[in-house]
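# Secondary and tertiary structure notes
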Amino acid sequence: MIPLAGGAYWLSIRLKRGILKLNNNLLEIERKLSLLGITSKYGENPNREVKKIEETLSLTLPMEYKRFLQKFGTLNFNDTEIAFYPETPIEEDFFTIVNFYGLTGDNHDLKLIINRYEFRIPNDLIPIAECPGGDQLCIGINNKTFGKIYYWNHNKEKLQVNTIEELWEPINLIYDSFFDLIMSIQELQESEDFDDSIIESIKVSDKFLSRFNQR
């Protein structure tokens, strides 16, 4: 075996470390979803179908998300409401997820959604999940955005956009990676609010009732 030259050797080491980190992150993603009782709704997608998305739309998907799309795609939350808590605070402390887009061939198909938002979201991003009200979770696919997760608020969208800066106004960076997004999701625990509670019965003593009846 011919030894690698200095530069090629260290490049090989970095590549191996990158693959090891990717595989570890994917195992952590699977473990996280399993703990929450979340499964794939339609099963795994063939790798060729994921590659077809990249080829058809002329884009490169970040590897963590690409492997997630292949193994899970659209999720089955099994009646569990899921929330995520952005690393970078925006309007709310947490947000809920309707679902991730998959390779389903229906109204929640990833390719269809990407085309639908082509002129509403910057070219550096693609939508990957829907939030209540029509907001979108996006992932970066170009330049400095690559692999990062952004929140697109439809309420801040302008009907007419004249500059790229205006196109970015409804968008906030919330995670540095897809892995960070998945690691942050939790089951939403509904807090008990006394104002919204219903009083079913009140227990009072006979002595109190007798005083009340004498009035």
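Located above this text is the structure these notes cover.
About the cut-offs
Residues numbered from 1 in each chain as written. Predicted model: local features only at pLDDT ≥ 70, side-chain atom pairs only at ≥ 80, totals over all residues. Heavy atoms only, no water. Helix = DSSP H or I, 4+ residues; strand = E, 2+ residues; numbered from the N terminus. Buried < 20%, exposed > 50% of the residue type's maximum accessible area, 1.4 Å probe, protein only. Contact = heavy atoms within 4.5 Å. Areas by Shrake-Rupley, 256 points an atom, 1.4 Å probe, with all protein chains shown as cover. Core = buried A, V, L, I, M, F, W, Y, C linked by side-chain atoms within 4.5 Å. Phe/Tyr/Trp six-rings, centres within 6.5 Å; stacked < 30°, edge-to-face > 60°. Arc of directions from axis to C-beta. Pairing = 2+ DSSP bridges.

## What about the overall build of the protein?
- A tally of helices and strands in the protein yields 7 helices and 10 strands.
- The proportion of buried residues among the 215 residues of the protein is 38%.
- Long-range pairs, those at least 24 residues apart, make up 60% of the contacts in the protein between residues at least 6 apart in sequence.
- Summed over its atoms, the accessible surface of the protein is roughly 14100 Å², and 51% of this surface lies on carbon and sulfur atoms.

## What about the nonpolar core?
- The biggest cluster of nonpolar side chains holds 47 residues, and the ones touching the most others in it are Phe84, Phe100, Ile128, Leu137 and Phe178.
- Each residue touching Phe100, except ones within four places of it in the same chain, is listed here: Phe68, Gly73, Thr74, Leu75, Ile128, Ala129, Phe178, Leu181 and Ile182.

## Description of the environment of Ile182
- Its place among the elements puts Ile182 in helix α6 (residues 178-184).
- Along the chain, Ile182 and Leu33 lie 149 residues apart, while their C-alpha atoms are 8.1 Å from each other.
- Sequence-distant contacts of Ile182, defined by excluding residues within four places in its chain, comprise Ile29, Lys32, Leu33 and Phe100.

## Observations regarding the environment of Thr145
- Secondary-structure assignment places Thr145 in the loop between β7 (136-140) and β8 (149-152).
- Linking Thr145 and Leu173, residues 28 residues apart in sequence, is a C-alpha distance of 9.1 Å.
- Every residue in contact with Thr145, bar those within four places of it in the chain, is listed here: Asp124, Leu125, Gly140, Tyr150 and Trp168.

## Describing the side chain of Glu166
- Inspection of the secondary structure puts Glu166 in helix α5 (residues 164-168).
- The class for Glu166 is buried, based on a relative accessible area of 17%.
- When neighbours within four sequence positions are excluded, Glu166 is seen to be in contact with Lys158, Gln160 and Val161.

## Re the packing of aromatic side chains
- Taken as a whole, this structure holds 13 aromatic pairs when the rule is applied.
- Every member of this aromatic cluster is reached through a ring pair, and the members are Tyr65, Phe68, Phe72, Phe100 and Phe178.

## Quick word on helix α2 (residues 47-57)
- Of all the positions in α2, only Val50, Ile53 and Glu54 are classed as buried. Angular distribution of buried residues about the axis of α2 spans 90 degrees; they occupy a single face of the element. Those residues of α2 that are exposed and aimed more than 90 degrees away from the buried face are Arg48 and Glu55.
- Immediately downstream of α2, the backbone of Ser58 shows phi near 55 degrees, a positive value.

## A few points about the pairing of β8
- Of the two faces of β8, both are covered, the one formed by Ile149 and Tyr151 as well as the one formed by Tyr150 and Trp152.
- Alignment of β7 against β8, held across 4 bridges, turns out to be antiparallel. Each residue of the ladder has a partner; that of Gln136, found in β8, is Trp152.
- Looking at chain direction, β8 and strand β9 (residues 171-175) are connected through 4 bridges and run antiparallel. Following the sheet pairing, Tyr150 is matched in β9 by Leu173.

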